[in-house]
Every structure is written in C-alpha cells, then in structure tokens.
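Observations on chain architecture
Below are the chains, spelled out letter by letter.
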Amino acid sequence: MFKLERSVKNPILSPNKENFWESKAVFNGCPARKNSTIHLVYRALSGQQEVQGINMPLSTIGHAVSKDGISFEHREQLIKPAYNWEAFGCEDPRITKFEDEYFIFYTALSGYPFSSENIKIGLAITKDFKTIEKYPVTTFNAKAMALFPDRINEKIAAVLTVNTDKPPAKIAIAYFDNKEQIYSAKYWKEWYDSLDEHVVPLLRSPNDHLEVGAQPIKTSKGWLLFYSYIQNYFSGPRVFGIETLLLDLHDAQKVISRICEPVLIPEEKYELDGMVPNIVFPSGAIINKDKFYLYYGAADTYCCLATIDKKEFLSEFKTKTKIELMDTCPVVKLQRFVGNPIIKPRPEFAWETRATFNAAAIYLDKKVHLLYRALSNDETSTLGYASSKNGFIIDERLHHPVYVPREEFELKNKPGLSGCEDPRITQIDDKLYMCYTAYDGVNPPRVALTSILTKDFLNKKWNWEKPKLISPPGISNKNTCILPEKVNGKYMFFHRVGVSICIDFVQDLSFKNNTYLKHDKILFGPRRDLWDNKKVGITGLPIKTKKGWLLIYHGVCNPGSIYKFGAALLDLKDPSIVLARTDCPIFEPEMLYEKEGTVPNVVFSCGTITIKDNVFVYYGGADKVIGVAVAKLSALLKNLKK
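Overview of the structure. Numbers given for residues are sequential positions, taken from 1 along each chain in its written order. The predicted nature of this model means local features are confined to residues of pLDDT at least 70 and side-chain atom pairs, given and counted, to a pLDDT of 80 or more, with totals for whole chains, interfaces and linings taken over all residues. Think of the side-chain values as coming from all heavy atoms in the structure, minus any hydrogens and water.

What follows covers the overall build of the chain. Secondary structure elements follow DSSP: runs of H or I no shorter than four residues count as helices, runs of E no shorter than two count as strands, and numbering proceeds from the N terminus. Secondary structure summary: the chain contains six helices and 41 strands in total. Taking the principal axes of the C-alpha coordinates as reference, the chain spans close to 95 × 50 × 45 Å. Relative accessibility thresholds used throughout: buried, under 20% of the residue-type maximum; exposed, over 50%; partly exposed, between the two (1.4 Å probe, protein chains only). Out of the 642 residues belonging to the chain, those deemed buried represent 59%. The contact definition used throughout considers only heavy atoms, calling two residues in contact when any of these lie within 4.5 Å. The long-range fraction of contacts in the chain, counting pairs at least 24 apart against all pairs at least 6 apart in sequence, stands at 54%. For the area figures, the Shrake-Rupley method with a 1.4 Å probe applies, and any residue is considered shielded solely by the protein chains shown. Per element, the accessible surface of the chain, about 26,100 Å² overall, is 49% carbon and sulfur.

What follows is the structure, encoded as structure tokens:
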C-alpha cells in the first residue's frame, strides 16, 4: 500500500503573529492553478475578538500564491464575514476554477454557539481574487462543498457533505443546469427533500464519520476524490485518516474503485500537537509535475503538503484494495448468460405485451419449467409458461396465460396494477404448490396459495385448485414460498412483511377457518451500512446442501432503491437459524436491460434451481424482461463461512 510522502518543508504555512487575523492558526488549504501560478485559499483563525458581543477567535479565509506549490507568499485576508448568514465565521474553503471563474465554497457560521442550525455553506465567486460576489448556498446543515472542474453530461456538478452536525453525515452529489441554481433556495429544498437519492454511500460503521476533503481531480480513470474518514468518531478512540476513491467520469454518484485504507494518518509532531491534536484533514489537491499534491490541515493549526506519483497511485486502484460500490470484500458472483434476456414481451399477445418478468422455476423431468409474470397494457398480471432443456435456451413458450385472476381479491377494482404477481412454486409429494401475490389494486397485496397435480402440470392441463388467501387482511405481504421439506413435522413458510424476511410454521396447508400466516418471527432484515440497507426478501426456494439451506435473497440498496442479490446459509435441521450471510452482493444491475425498463435498476428473482453443481437464478430485469445467471453451488457456499 502506497503512502503519501510529506513535504520536507512542512508545515508550508504557519500562524503569523504579525497578522492578527491569522495569528492563532492557518490550516485546511485548497489550491487552484492559473497558468504558472498556484493560488491557495486557507482557513485563518484570529486571536480573541468581540463578535456581536461574544469574545471569540474568528475564522476568515486567507489567500497566498506560489510558483512551485510549496513556498507561498503575499498572504492576505480574502474573505471575511459581511452578512448575517456568515457573521460568526468563514471556514474551510474549497476552490475550483470553473470555466472563467473561481468558485470558493466555505462553511458559513450564522450563529453562536455553533450548531446544525447555523452551520451551512456559503459561496464566493471571483475572477481576479479582488472583486468577489457572495451567496448563501445550502438551506440545511452542510459543509465541505466543492465544484467539479468540468461539466458532467453538460451539467455543473458539485460534491458536498450533508448533515455534518446531525449525523450520520452523508457525502452527496448535486447537479445544476446553470450557475444561479447553485445558490437557489428552491433548488436546495427540492434536492434535500430527496437527499438519499443523491448520496454516495461510504460509511463502514455507524460509529464512523466522514467529510469531503479535496476538490475532485479529473484523471483518465475517473474523478479522484480525497476525503476525511474518521474511525470510531462516536465511540472512541477517534482515528483521523485520509482516504480516497474514484468516481465515474460520467456518473459522479457511482464509485468505480475505493481504497478503504488511510493514505495518511497523524504521525508527525505538527500533526499530533496543535489546537486540536491528532488530526490530518484533506482540504485540496492538484496535479503538479506528474504528482498528486494533497494539501491538508494538521492539528487544526498548520497547512501541510503530501505528494505521490500520479501513475503509481492510480495503479493502486486497479491492483489493490479495489472495492466496488458497497462491496467490502471479494465474493463469487453470479454470471449472466450472454443470450439474455431469454424472455421478452411479445406485442402480438395482449396479455403480455407490456412486460414479462419475475419467473418461478422448477426442475422436473430433466427440464426447467418457468411460470413468469406477464403484464398487459391495462396492467393486469397473469402467468405465462416457458421451458428450457439446458436452462438457458427457451425451447417452448405458450401463446396463452396458464394462470389468470379469478377471485375477487385479485380482480381489478380500479385502473392500475392488479392480478397474480411474482409466483414461487414448491413440489410436495404429488403436487406443486404455488404462492403468489394477489392484488386487486385497492387493498394491500396479500399472499395467495394454489396447487396443481404434478402430472397435470407436466401434461399442461392447468387444473389449478381454487386459490385461498393465507396472509391476514390489511397488511402488505409478499415474496412467499414453502420449504420443500417439513421442519419438526411442520411446513415452513418464508414471506416478507415490511422490510424483513419473516418465517412461519404451520401444521397443514389447508388454512381453514380464516387462519393466516403470522409475521412475528423475523429471519433477518436489512443492514444499515451494507448493500441491503433498505429491505430484503427471498428470491426462489432455498436450496438444500450438506452445509445447510442456501437462500439467495434480494436486498434493496439506498440511495437509488437498487435491487441486488446476496446469499444466506440456514441451518440444515432448523432453517430459522441463520449461519452466515454475505456482506457483499453477488449480483446487481449492470446491463442496459436491468437498468432501463418499467422500473429501473432492478434484478428480482422468484426462481432458483440446481442442475448438478450449477445454481440457475431466473430474474426479472427492470420489471420488463427475464434473464438467467449461473454460479457453481460449491463456489457460492465458499462465500458463506459460519
């Protein structure tokens, strides 16, 4: 692991006792280049003075210039409080030269004592470091904002840290159509109302804290971002470190690669001793002579510099500690079939003209049988049939639905979605039992159960039993299947209520006298700081192995409500016990047919089967088409260590 090399001239800026406005501390410098001159803006802290009747040191923003990026001169006070929204200080500037202007974002303090209500972002715009326009920016608690130096998809882009003083802090991306939108209160209200849609999730623990560091640097591999990551911030002892990642050049919210190890930690005396000891804080960066120059604050007292070779450092992302978005460890992943999608809507048939997705799967008589959800133009869901001899190529597909809504609880009661959705099928003795979501478009969706003789199914005699509702009224209940073997003499059901996978055990499958599945036993739920942080549900049936029941499940990830797959291992004798669970997704939307469709960024499965040592997962892509992905069963089990 490469570490940054500190400049032998550190600290490159120290407090100047002769200038009262910067006599106590100078730190968190940020550079911008103009031709052969490097401009540095930095936070300066004065001695004690009276500010609106309060005796306190005041933060303002200084400016200095350099030819080599190391030795700075002509220090002057550039930005100081002039309006009520910044009356108690201007802190921690980030400067970006964008088109023909310099944008300097800084922390604007409007009140004292400092709190989340009076810590927001301000902006100074200048062309010559003499004439300055100022604007309040965020309407909410935020710090550490920096502009990208180039437009992204023709939009102005910025990265900032939101809720820094009402944790958890979140690093997020904002896009603007024009310069004026940057300081539009209307824009920021709408943006903040949908905050989670803009977040770049980076926290590894709820006890940690983070903040944007340097302004983004454009490289051939992506946008390089140095940021502050503080381990154990809320639990102690705190460990301040500087980490780095690459963002996609065309989608700044997408992390291409991340190094989850600090490239710099407090070690030198000037980092260990000062106003706030044991701190290194990244605040600005440039490329200078084939090196990255990282400017950082040391102990909230000094401006310092560390460098690293550009080529060698970028190679680090390719070969070591590369971590994709929300992936914190290497895993065996499902591999897509190159011929995907294997089933698409057929406009010729009205019942499936809009979408075909979310197929149940069962392997019988050396053939994979699929019951897939089909959507008509009036958004009625029915079930179609297809089959494959090798699990990949569809050999047969019927021209008519094999299961349609027929009971009041699944017939359309108003325009919109309704019908029989997302089936899962289990063979028990001489019957196939199908659980599906029944929805009338008005009442909360419920679980319905029907069955068919296996011989009738294979002969395509669709003599389905009359369906019955097996989940209670008034509660949304989905993603249901029956384990193919009894557990302690009872049938085990998996289903989703709310955001968690629930389980229940029943004596028989008759569900007489209005008996329903219960939802007071949770198998597992979402994990706040991992890829499945919003909700979870099963895919197809659990797969029996010598090590336990392998359950492939879907997890929904915020920001973006992105559906992904993970795996869990359940105890062989008591599947209510979770032995292991992947910390990383094993499948996620990547292809166009998974990212664009009826519902974007969705992979959703109702069917998993095994053929020899291969696990086949049939999934809906963007609620529009059906694909298949495969992995070795033995390899998937290696992901799951007890």
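So, next bit.
Now for the packing of aromatic side chains. Two rings belonging to Phe, Tyr or Trp (six-membered ring only in the last case) form a pair when the distance between their centres is within 6.5 Å. Interplanar angles under 30 degrees mark stacking, angles over 60 mark edge-to-face geometry, and anything in between is tilted. For the coordinates displayed, the defined rule picks out 38 aromatic pairs. The interplanar angle of 45° and the centroid separation of 4.7 Å between the aromatic rings of Tyr 102 and Phe 129 together place this pair among those described as tilted. Linking Tyr 102 in strand S7 (residues 101-109) with Phe 129 in the loop between strand S8 (119-126) and strand S9 (132-136), this pair joins segments that are 27 residues apart in sequence. For the residue pair Tyr 102 and Phe 129, the accessibility class agrees, reading buried in each case. Taken together through their ring pairs, the aromatic side chains of Phe 140, Phe 176, Tyr 187, Trp 188, Trp 191 and Tyr 192 make up a single cluster. Criterion for a charge above a ring: Arg CZ or Lys NZ at most 6 Å from the ring centre, at most 35 degrees from the ring normal. The ring of Tyr 102 has Lys 97 lying over it, and the distance from NZ or CZ to the ring centre is 5.9 Å. A cation over an aromatic ring shows up here: Arg 238 above the ring of Tyr 233, its NZ or CZ 3.7 Å from the ring centre.

Our next topic: the pairing of strand S18 (residues 280-288). Within S18, eight of the nine residues are buried, which leaves it mostly tucked inside the rest of the structure. Any two strands between which DSSP finds at least two bridges are classified as paired. Across eight bridges, the pairing between S18 and strand S19 (residues 291-298) is antiparallel. Counted as the bridge partner of Ile 287 is Phe 292 from S19. Linking S18 to S19, which pair antiparallel, is a turn of two residues; within it Lys 289 sits at a positive phi near 55°.

Now for the side chain of Asn 340. Relative to the helices and strands, Asn 340 resides in the loop between strand S21 (335-336) and strand S22 (355-364). Taking relative accessible area as the criterion, Asn 340 reaches 11% and is therefore assigned buried. With near-sequence residues (within four places) excluded, Asn 340 lies in contact with Tyr 593, Tyr 619, Gly 627 and Val 628.

Close approach of charged atoms allows side chains with opposite charge to pair. Any Lys or Arg side-chain nitrogen located within 4 Å of an Asp or Glu carboxyl oxygen qualifies as a salt bridge. Counted by the stated rule, this structure contains 29 salt bridges. Linking Arg 527 and Asp 532 is a salt bridge whose minimum nitrogen-to-oxygen distance equals 2.9 Å. Asp 532 carries the same exposure label as Arg 527, and that label is buried.

The set of buried Ala, Val, Leu, Ile, Met, Phe, Trp, Tyr and Cys residues whose side-chain atoms join them within 4.5 Å is what this entry labels a nonpolar core. Formed by 25 residues in total, the largest nonpolar core has its most connected members in Phe 105, Met 145, Leu 160, Phe 176, Ile 182, Trp 188 and Trp 191. Looking at this core, the elements that each hand over two or more residues are S7, S8, strand S10 (142-147), strand S11 (156-162), strand S12 (170-176) and helix H1 (185-193). With four residues, S11 is the largest single contributor of residues to this core. Phe 176 has contacts with Met 145, Lys 155, Ile 156, Ala 158, Gln 181, Ile 182, Tyr 187 and Trp 188, leaving out every residue within four places of it along the chain.

Within strand S26 (residues 418-428), ten of the eleven residues are buried, leaving the element largely enclosed by the surrounding structure. Summarising the sheet, strand S24 (residues 380-388) and S26 pair through two bridges and their orientation is parallel. Bridge pairing links Ser 381 to Gly 419 in S26. Where S26 and strand S27 (residues 431-439) come together, eight bridges link them in antiparallel fashion. Within the sheet, the bridge partner assigned to Glu 421 lies in S27 and is Thr 437. Between the antiparallel neighbours S26 and S27 lie two residues, among them Asp 429 with a positive phi of about 60°.

Strand order in the open sheet formed by four strands is S1-S20-S19-S18, with antiparallel pairing between adjacent strands. Both outer strands of the open sheet, strand S1 (5-6) and S18, are each paired with one neighbouring strand and no more.

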